[in-house]
Amino acid sequence: MRILHLDTNHPLLIDQLDALGCNNDENYTAPKEDIEKIIHNYDGFIIRSRFSIDASFIDAAINLKFIGRVGAGLENIDCEYAEKKGIALIAAPEGNRNAVGEHSLAMLLSLFNKLNKSDKEVRLGQWLREDNRGIELDGKTVGLIGYGNMGKAFAKKLRGFDVQVLCYDIKADVGDLNAEQVTLEEFQKRVDVVSLHTPETPLTTAMVNAAFINAFHKPFWLINTARGKSVVTADLASSLKSGKVLGAGLDVLEYEKSSFENLFNNKDMPEAFQYLIQAENVILSPHVAGWTLESKEKLAQTIVDKIKAQFY
């Protein structure tokens, strides 16, 4: 089997595929149109997020047996078209779910204890104890939207706290001992914390908007380690200002990828984003929730294991 690697990954990925007898080629710099001209030579290719895989690209890959994505989701691939062509789709949500669970918990505890704010103040010589009085997670109700690999990993982390964990998912019967599955209406009545663990789909894009936020019975804290486009930033900023959202931990942003760096190079930075980067009750990180040393290895190993199980 001849495999093309389009993004760098942990070396074990190529080493173990070599050991299986695969021929591995690496091309990390050529533009998509150049890759499209040679993709017919390959039985499979492995990518992270370098470019989208559309119908035209798939049509050019006439010998393709599989697409491997070293990550949790497949939203950069036209999955429906690939499956019509009989191409296997291989992702690795098992590889970084623990990392995402830990990062979600870290963001939540940091918000509750005002760690970013107090750290900044102490470095400036300010010793403001009362201003930085925190709140405890125990006794709160934590709600998870999306209860797949990532949601379940976060729920597992919460077992050490005296909290109630609810989950809402479009799939029935996904709840378990770590989370009670409820309707969206029940979810919005009860939770103190909302954590997103959903893929990017037409249903989840712009899901967290003003109407969604205002349907909650109590002010709540928001954690998003899923997809940036799930949250309407302007509506989130307005809700933070009004107190409807008490604070937010955002590992992903609506402005990611091609547009993010440009926000800081021109005068067109959205007002909502200006508010987020100045707000003391907002924590931001650059899409690294699943990006640990351990997850890099586990993601690669998961891809190898799935290729081996399906084709060898």
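Located above this text is the structure these notes cover.
Below is a short write-up of the structure. (Residues numbered from 1 in each chain as written. Predicted model: local features only at pLDDT ≥ 70, side-chain atom pairs only at ≥ 80, totals over all residues. Heavy atoms only, no water.)

What helix α1 (residues 12-19) keeps buried is the set L12, L13, I14 and L17. At its buried positions, α1 is contacted by β1 (2-5), β2 (23-26), β3 (44-47) and α12 (293-311). Of the residues one or two after α1, G21 is the one with positive phi, at around 100 degrees. (Buried < 20%, exposed > 50% of the residue type's maximum accessible area, 1.4 Å probe, protein only. Helix = DSSP H or I, 4+ residues; strand = E, 2+ residues; numbered from the N terminus. Contact = heavy atoms within 4.5 Å.)

If you trace the five strands from one edge of the open sheet to the other, you get β2-β1-β3-β4-β5, paired in parallel fashion. Strands with a single pairing partner mark the edges of an open sheet, and in this sheet they are β2 and β5 (88-90). Averaged over all adjacent pairs, the angle separating strand axes in this sheet is 20 degrees, with direction ignored. In this sheet, β5 lies alongside strand β4 (residues 66-69) in parallel orientation, the contact comprising three bridges. The partner of I67 across the bridge, within β5, is L89. Lying over the sheet, α12 contacts β3, β4 and β5, oriented at roughly 155 degrees with respect to β5. (Pairing = 2+ DSSP bridges. Axes fitted to C-alpha atoms, helices over the stretch in contact; angles between N-to-C directions.)

Quick look at the sheet that holds strand β8 (residues 180-181) now. Read from one edge of the open sheet, seven strands run β8-β7-β6-β9-β10-β11-β12, paired in parallel fashion. With partners counted over all chains shown, the strands left at the sheet margins are β8 and β12 (282-284), one partner each. As defined by bridge partners, strand β9 (residues 193-196) adjoins strand β10 (residues 220-224) across four bridges and the pair is classed as parallel. Across the sheet, residue V194 finds its bridge partner in β10, namely L222. Sitting on the sheet, helix α7 (residues 149-157) is in contact with β6 (141-145), β7 (164-168) and β9, with an inclination near 165 degrees to β6.

Right, let's talk about α7 for a bit. Within α7 the residues assigned to the buried category are M150, G151, A153, F154 and A155. Turning to α7, the residues buried within the fold contact α5 (93-112), β6, β7 and β9.

Here the second largest pocket defines a volume of roughly 440 Å³. Taken together, 23 residues form the lining of the second largest pocket, with K117, A279, E280, N281 and V282 sitting closest to its centre. Among the elements of the structure, α5, α6 (115-123), α11 (271-278) and β12 are those that each provide at least two residues to the lining of the second largest pocket. In the lining of the second largest pocket, the residues fall into twelve nonpolar, five polar and six charged. (1 Å grid on protein atoms, 1.4 Å probe; cavity = no way out; pocket = protein on both sides within 12 Å on 5 of 7 lines; lining within 4 Å. Points joined across faces, edges and corners; volume = space filled by probe spheres on them. Nonpolar A, V, L, I, M, F, W, Y, C, P; charged D, E, K, R; others polar.)

With that settled, the discussion passes to a positive patch on the surface. Taken together, the side chains of R97, K156, R159 and K298 present a region of like positive charge at the surface. Take K156: it is sitting in helix α7. (Patch = residues over 30% accessible without salt bridge, like charges linked within 9 Å, V, L, I, M, F, W, Y side chains within 5 Å. Areas by Shrake-Rupley, 256 points an atom, 1.4 Å probe, with all protein chains shown as cover. Salt bridge = Lys/Arg side-chain N within 4 Å of Asp/Glu carboxyl O. Lys, Arg positive; Asp, Glu negative; His and termini not counted. Charge placed at Lys NZ, Arg CZ, Asp CG, Glu CD.)

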